[in-house]
Amino acid sequence: MDEVRQRDRAGTRRRILDAARKLFTELGYDQVTMRLISAEADANVALINRYFGSKRELFAEVLAMQGRFPGVLDVPEEELPRRLAEYVAERLRSEQASPVMAALIRSASCSEIHGLIRDRVSSAILEPLAARLPGPEAIFQAAVATALITGAGTLSQLYGPDAFDAPDRETVIRRLTAVFEACLRA
């Protein structure tokens, strides 16, 4: 019986997270209410509050669903500019927009969650990247690279993968690699 209850809890929690991600992606933080999430997830508001505490905490969980910069930084230092370039090139050409990036773009004007967004960008991209860089300007270098990465995600989200007459993938990667080399140079 306890195992069934645990599975039901996990399933309900997953439904709530999926519903919240969908709604935050489509509408942005300000337009989403707990009642909307409740209806989409087929769960009552009290249950959502018990699992997540508040809409703000639920939004934080949605942001955390897209893990840290998966595998991008797990390369030797000399390969890092190219790996970052490959990641950005993939994002620019991807048919599948990142739901988290969409939620961030649609929610960026909400001052209530600026701290959450800043913390997420810092913990997912900026800090892990800065930790990989040598020298006293590591944070600045990582911030410039992070601006390029997040800007590319925003551009892709706003315009889609076919909006620009981009050269072949390898040319894009070569050009972006040069930009990242300049960003990360000590």
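Fair warning: this is a prediction, and the values are worked out from it, not measured in the lab. The numbering scheme is per chain: residues are counted from 1 as the chain's sequence reads. In view of the model being predicted, local features appear only for residues whose pLDDT reaches at least 70, and side-chain atom pairs are presented and counted only at 80 or more, with totals across whole chains, interfaces and linings using the full set of residues. To obtain the side-chain values, all non-hydrogen atoms of the structure were used and water was disregarded.

Comments concerning the domain arrangement of the protein
- Per the domain assignment, the segments making up the protein are domain 1 (1-65) and domain 2 (70-184).
- An automatic or database domain assignment is the source of the domain bounds shown. Domain 1 and domain 2 are separated by 28 Å when their C-alpha centres are compared.
- Contact with domain 1, which involves 14 residues of that partner, is made by 14 residues of domain 2.
- Accessible area, probed at 1.4 Å, shrinks when two parts are joined; the buried area is that loss added up over both. Counting the surface lost from both domain 1 and domain 2, the interface buries some 1300 Å², and carbon and sulfur atoms represent 66% of this.
- Summed over the three residues of domain 1 that lose the most area to domain 2, namely T25, R56 and L63, the buried surface amounts to 45% of that side. We call two residues in contact when some of their heavy atoms are within 4.5 Å.

Describing the packing of helix 5 (residues 80-93) against helix 8 (residues 138-159)
- Here an angle of 0 to 180 degrees is reported between the N-to-C directions of two axes, which are lines fitted to C-alpha atoms, with helices fitted over the stretch in contact. Helical segments are the DSSP runs of H or I of at least four residues, strand segments are the runs of E of at least two, and each set is numbered from the N terminus. Running from N to C, helix 5 and helix 8 point in directions that differ by 15 degrees, and their axes come no closer than 8 Å. In terms of axis orientation, helix 5 runs roughly parallel to helix 8. Between helix 5 and helix 8 lies a crossing whose hand is right-handed. In this structure, helix 5 contributes L84, Y87, V88, R91 and L92 to the contact, and helix 8 contributes I149, A152, L155 and S156. When describing relative orientation, an angle under 35 degrees is termed roughly parallel and one over 145 degrees roughly antiparallel, while 65 to 115 degrees is termed roughly perpendicular and anything else oblique. Two helices cross in a left-handed way if the nearer one is turned anticlockwise from the farther one by less than a right angle. They cross in a right-handed way if the turn is clockwise.

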